[in-house]
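# Coordinate inspection notes
Chain by chain, the residues:
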Amino acid sequence: MQITNDVKYVGVNDRITDLFEGQYIIPNGISYNSYAVIDEKIAVFDSVDARFANEWLSNIENTLNGRSPDYLIVQHMEPDHSSSISIFAEKYPDAKIVSSAKSFVMMKNFFGNDFADKQIVVGEGDGLSLGKHEFKFITAPMVHWPEVIMTYDTADKILFSADAFGKFGALDEQEDWACEARRYYIGIVGKYGVQVQSVLKKAASLDIKIICPLHGPVLNENLEYYLNLYNIWSSYQSESKGVLIAYTSVYGNTKKAVELLKEKLLENGCEKVAVNDLARCDMAEAVEDAFRYDRIVFATTTYNADIFPFMRTFIDHLTERNFSNKRVAFIENGSWAPMATKVMKVMLEKSKNLTYCENEVKIFSALNDESKEKILLLAKELCN
């Protein structure tokens, strides 16, 4: 793939991994992106998962037509991007390795070797010249590891953005960018919104024409769209108007309440209602929806004087990622001592700017006329 006259794609697609980072389902695979910038000197950006090292090195060799890289620029040390560094260094012993000081510490930890004879340590504002292509380095700590750097190419106005602006999905898969980029961002980077905001401010001062991330497609059109989404996500604002109902149900009675609420929400004009059964859905999809929509209903049973385990896991995922700025409602079910709402409110205490609905639905085992009426009132309140 040719990105510009001098910038070539040399990355690989992974159709083998089923769980990214051991937890995120990736039915359409994922790409490990690597780029070669060919000038008077040659720089390769980032390596790939070690299982694909031979394919990656073959891509580099075929692209360079007999030339050898002068630099390997390591922007991020997570193993899906760094675990082929050693094999690169063996194949190209004269190439220098360019990275942050923290990265070289991590290399020592991962590989037992910090490549002291090859090191070029860079930090904020440092540069590197290939000839026509002048690079400026941008530190991006905790987006989403502490060692991360990004690189701006002043010649082609490319931001090599490390894991930022990445998405799940192999490059030969045609799918909506935002859906899998949102799930990727919220799951992996979502905790670090403050740090992402800091990097976005740095990016605002650059004339960026192309974004080259470490996962997903190269972005070269309508960049305002992608930058705006990252601003929304990292400032914990809601992307869309709508209601998410996240629920667990043991014997189906809480599910019936959820189905009735969805029906009444739609009747009252709510523009979008998403429903996730937390025991059966992809948890990452449910978390994505919780951050995407501006209203959320937690519906669950009291269980062992607590809440049903899948709901506890779900709320833990939200609060870990700084869940905030939402309108929140509760449906609880309990046959003799319902206390799920109380437990959930305690769990959400660390979340900021939550507005609780006045109507709380309490079910004793199964719906009755009183609890059905409460659901009608809650639907009106949520759609008001």
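First, a word on scope: everything that follows refers to the structure included in this document. (Residues numbered from 1 in each chain as written. Predicted model: local features only at pLDDT ≥ 70, side-chain atom pairs only at ≥ 80, totals over all residues. Heavy atoms only, no water.)

### Quick look at the overall build of the chain
For the chain, the helix and strand inventory stands at 12 helices and 22 strands. When its C-alpha atoms are laid out on the principal axes, the chain stretches across 80 × 40 × 35 Å. Expressed as a percentage of its 384 residues, the buried residues of the chain come to 55%. Long-range contacts, defined as pairs at least 24 residues apart, comprise 70% of the intrachain contacts of the chain with a sequence gap of at least 6. With an accessible surface of roughly 16300 Å², the chain has 48% of that area assigned to carbon and sulfur atoms. For the chain, the separation between the mean place of its 41 positive charges and that of its 54 negative charges on side chains is 5 Å. (Helix = DSSP H or I, 4+ residues; strand = E, 2+ residues; numbered from the N terminus. Buried < 20%, exposed > 50% of the residue type's maximum accessible area, 1.4 Å probe, protein only. Contact = heavy atoms within 4.5 Å. Areas by Shrake-Rupley, 256 points an atom, 1.4 Å probe, with all protein chains shown as cover. Lys, Arg positive; Asp, Glu negative; His and termini not counted. Charge placed at Lys NZ, Arg CZ, Asp CG, Glu CD.)

### Details of the pattern of salt bridges
Across all of its chains, the model carries 24 salt bridges by this definition. Ionic pairing is found between arginine 15 and aspartate 172, a salt bridge with its closest N-O pair at 2.8 Å. Placement of arginine 15 in the loop between β2 (12-14) and β3 (19-20) and of aspartate 172 in the loop between β14 (158-160) and α5 (177-189) is noted, with a sequence separation of 157 residues between them. For arginine 15, a relative accessible area of 44% translates into the label partly exposed. Given a relative accessible area of 52%, aspartate 172 falls into the exposed group. Between arginine 312 and aspartate 306 there is a salt bridge, and its shortest N-O distance comes to 3.0 Å. Residue aspartate 306 is classed as partly exposed on the basis of its relative accessible area of 23%. Each of Glu180, Arg183, Asp282 and Glu285 takes part in one network of salt bridges that share partners. (Salt bridge = Lys/Arg side-chain N within 4 Å of Asp/Glu carboxyl O.)

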